[in-house]
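# Analysis of the macromolecular model
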Amino acid sequence: MRISLNWLRELVEIKLSPEELAEILTMAGFEVEDIEDRRTWANGVVVGKVLERQPHPNADKLSVCQVDIGAGETLNIVCGAANVKADIYVPIATTGTYLPNIDLKIKPAKLRGVPSQGMICSLKELGLPTDVDGIHIFTQENLPLGSDVRPLLGLDDVILDLTATANRADALSMVGVAREVAALTGGKLSIPEPGEVSISKNTGNLTLKIADTQACPAYIGTVIEQVKIASSPEWLQQRLRAAGVRPISNVVDITNYVLLEWGQPLHAFDRDRLKSVASSENLTIGVRFANNGESLKTLDGQTRTLSTQNLLITTNDKPVALAGVMGGEETEVHEGTQSLVLEAALFDSVAIRRSSRSAGLRSEASGRYERGVNRAELEIANRRALSLISELASGIIVQQEIADTRPDPSTWSRSIALRLDRVNQILGPIDLGEDTGELQGQDVERILTALGCQLTPSGEDSNHQPIWSVAVPPYRYRDLEREIDLIEEIARLYGYNRFCDTLPEKSEGGYLPLDEELIRKLRAFLRAEGLTELIHYSLVKPGEDREIVLSNPLFAEYSALRNDLLSGLIDAFQYNLEQGNGSLNGFEIGQIFWREEDGLQETEALAGIMGGDRTVGKWSKSGREEPVTWFEAKGILESVFRQLALQVEFQPDCRDNRLHPGRTASLWIRGNRLGIFGQLHPQLRREKGLPDSVYVFQLDLDVLLESVGQDEILVPTFQPYSTYPASDRDIAFFAPVKISVSEIEKVITKAGKDLLESVELFDEYRGENVPEGQRSLAFRLVYRASDRTLTEAEVEPIHNKVREALVEKFGVNLRS
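The model shown is predicted, which means the values in this text are computed figures rather than measured ones.

## Here's the deal with the sheet that holds strand 4 (residues 63-68)
Taken together, 5 strands build an open sheet; the order of strands is 5-4-3-6-11 and the sheet is antiparallel. This sheet does not close on itself; its edge strands, each paired only once, are strand 5 (75-79) and strand 11 (119-120).

## Topic: the sheet that holds strand 23 (residues 396-404)
The 4 strands lie next to each other as 15-22-14-23, forming an open sheet whose pairing is antiparallel. Each edge of the sheet is formed by a strand with only one pairing partner; in this case those strands are strand 15 (266-270) and strand 23. Taken over all neighbouring pairs, the strand axes of this sheet differ in orientation by 20 degrees on average, direction set aside. By the bridge criterion, 8 bridges tie strand 14 (residues 218-225) to strand 23 in an arrangement that is antiparallel. Bridge pairing in strand 23 links Val223 to Gln399. Contacting strand 15 and strand 22 (340-346), helix 6 (residues 250-262) crosses the sheet at an angle of about 165 degrees to strand 15. The strands touched by helix 7 (residues 271-278) within the sheet are strand 14, strand 15 and strand 22, with strand 15 carrying the most contacts at an inclination of about 70 degrees.

## Looking at a nonpolar patch on the surface
Judged by side-chain polarity, Tyr537, Leu539, Leu554, Phe555 and Tyr558 come together as a nonpolar surface patch covering roughly 600 Å² of accessible area. Taking relative accessible area as the criterion, Tyr537 reaches 62% and is therefore assigned exposed.

## What about the nonpolar core?
Ranked by size, the top nonpolar core spans 117 residues in total, and within it Leu8, Ile313, Phe347, Leu418 and Leu448 carry the most contacts. Once you skip the residues sitting within four places of it in the chain, Phe347 turns out to touch Ala215, Cys216, Pro217, Val287, Leu311, Ile313, Ala323, Gly324, Ile352 and Tyr369. Counting residues in each nonpolar core, the second largest holds 34 residues, with Val628, Leu637, Ile669 and Leu705 among its members.

## A closer look at helix 8 (residues 349-359)
Those residues of helix 8 not exposed but buried are Ser349, Ala351, Ile352, Ser355, Ser356 and Ala359. The buried residues of helix 8 occupy an angular sector of 160 degrees when the element is viewed end-on, so they sit on one face. Taken together, the buried residues of helix 8 touch strand 16 (283-289), strand 18 (303-305), strand 19 (311-315), strand 20 (318-322) and helix 9 (364-371). Residue Asp348 occupies the N-cap position of helix 8, its side-chain oxygen lying 3.3 Å from the main-chain nitrogen of Val350. One or two steps after helix 8, the chain reaches Gly360, where phi turns positive at roughly 65 degrees.

## As for unusual backbone geometry
Its identity as a non-glycine residue notwithstanding, Ser279 has a phi of 55 degrees, on the positive side. Within the element layout of this structure, Ser279 appears in the loop between helix 7 and strand 16. A relative accessible area of 59% places Ser279 in the exposed class. Its identity as a non-glycine residue notwithstanding, Arg546 has a phi of 55 degrees, on the positive side. Inspection of the secondary structure puts Arg546 in the loop between strand 30 (539-540) and strand 31 (548-549).

Criteria and cut-off values
- Residues numbered from 1 in each chain as written.
- Predicted model: local features only at pLDDT ≥ 70, side-chain atom pairs only at ≥ 80, totals over all residues.
- Heavy atoms only, no water.
- Pairing = 2+ DSSP bridges.
- Helix = DSSP H or I, 4+ residues; strand = E, 2+ residues; numbered from the N terminus.
- Axes fitted to C-alpha atoms, helices over the stretch in contact; angles between N-to-C directions.
- Contact = heavy atoms within 4.5 Å.
- Patch = residues over 30% accessible without salt bridge, like charges linked within 9 Å, V, L, I, M, F, W, Y side chains within 5 Å.
- Areas by Shrake-Rupley, 256 points an atom, 1.4 Å probe, with all protein chains shown as cover.
- Salt bridge = Lys/Arg side-chain N within 4 Å of Asp/Glu carboxyl O.
- Buried < 20%, exposed > 50% of the residue type's maximum accessible area, 1.4 Å probe, protein only.
- Core = buried A, V, L, I, M, F, W, Y, C linked by side-chain atoms within 4.5 Å.
- Arc of directions from axis to C-beta.
- Polar contact = N/O pair within 3.5 Å; in protein donor to acceptor, adjacent residues only side chain to side chain.

All quantities given are derived from atomic positions and should not be read as evidence of function.
Below you can see the structure in the form of structure tokens.
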């Protein structure tokens, strides 16, 4: 926001230079991006009077003027403007003057043979916007010749380009900035308090109909007659120009002026045009949301097709303005306007934000409504505008209607408990020069009182530090909600640079959490097995059981949270095949979500997919594909588990209908279900056009991490190996097919005790000479001791125990 210091000085006492004030505001959180010193734009430009104008003897478009600047002798100035004439007051740039906006220094010169001793200036040459093509002519009479033109043109001013943070809606007005400056500098406030306006009749044909009181909690409509539309007085135009607003007419300028002064958007309708739109003498001003397909031509000349997100101002239910954003062209104030309906309203910030975004239109008004307009000063801003319209446009107020559903004014302020001990705990010590100290109670009271808060002592805490009950002023209601907000204000106004810089007494190197270390190890192991890490969106198409569906999705294709990782991996495998990238071998770690009776659940999972020929180079096999077998895919997982020092059991499983019922296993660790591993179902494989053998797994990452021996994985310890030879024994037997190899290995390991080093299945046979329902299995058992060479007398009893355990446990028929 552009802040005129001349205007600001009327609202608050300022004893600082522009640069000092800019520094204080910036340190307080209001960044001053630029200081525009207009005093340099016309330094040396004075008021002159054209006494005589003659055509140039050698140029048709030039004039030779005799100009009096009160210096005893007239100046001979050559001028090229078409509007120059005798007996007018004009700005004169004297010899030696520098005009920075056109980068020109005035020197004595000859133009087509005629000497020129200065320049008659246009407003553009002085840096001011204008629609006039030619020199500037002062409208005032009997101006003192030779006097400085800057006060007449508003160039004796400095403009601060100030940026307020999003939470400080109150700082988008001159009054709000004046309050802030007063709090920072201790200057005295002089905010204008408009008096009550008189309503001559208070009878008329205006009624209000607010369809949505949440979107519009308050609306004031005022009918003003006998309005005389004209140009605004010079002081008003200068203030608008300084703020970057183009003057239009007295009524429109007044609404813009009040917007800048109080931060309250206003809009003036031409009442006769409202009647024309309504096709009636009786006007009902309404506020409602638009219907799909309605249209409105706004003040910028564009016809906008509206949606149900657009909030409208209507007359007899016909759209006339986008509420809080921009008025309609059909009812705008014009040169022939004689009566007005002035709107002063509060609109919900969310409703205006959605409406503005839907229409693709932002304005000064919408920017303020989006941040939040002060509901406590609506009437003040309205009275200020009405008094200016009465004064500058000769308007007579004949009717005022109010629709107000705001809560009781007693609720417009809130009380917050503030503890001095908490203030010092959060902000730390203050710098007192050679020593440090703490903020005192009087400092807190002074700062918050300067902000407009009211402090009431409410006791002491256990450390005998004071506690206050702080009543927040209505204009800071939106951003001062908690104790920490008050503490931030104390730090901001006391000065961030006045607090001590403190560092930790002893710096400590950063480290990763233990779970993250283990996950990184796990990723490395999976990559070492040839799997590529994949990442998918957590959002998927809806349609699964126990799925969590979003209430406000961006797209229908991404409107639910995934409840497993396998679906995304299968789709990725299919996509890679279709794009000619071959089989995908990858894994993913991510969150999955599902719905239970007791609420929503979330956990982290690890999943992977493997398929196709994993070998490099086909020349040795004449180009034939050799898909991954079930045992090769299982071996990839077992290799990872081995590196994690995990003993994982594989048990038959057929619960997931996406997997082959005879080639699927559930994974278990010490009685806890870890996950599932299996081959894709042939039917699913055919539907998606996948290779013959594709395998997937999904593991619960929490169970996996809890089961890992963490120290051994992160910091491997040396395990001494035996220097003594091993003793091998083979054992073969017929065993029922229903008994898994893992169960058999478990019994062998338990029976072999400490001397058994390893168990390995090296043969399986089904067919001739094998009883029906059984299979022949052959295992190699390796016995070894770390401190001696085992003898036959030591190995044979243990090996016999293994044989006996197998017979007793499973009833196997030993063949060796």
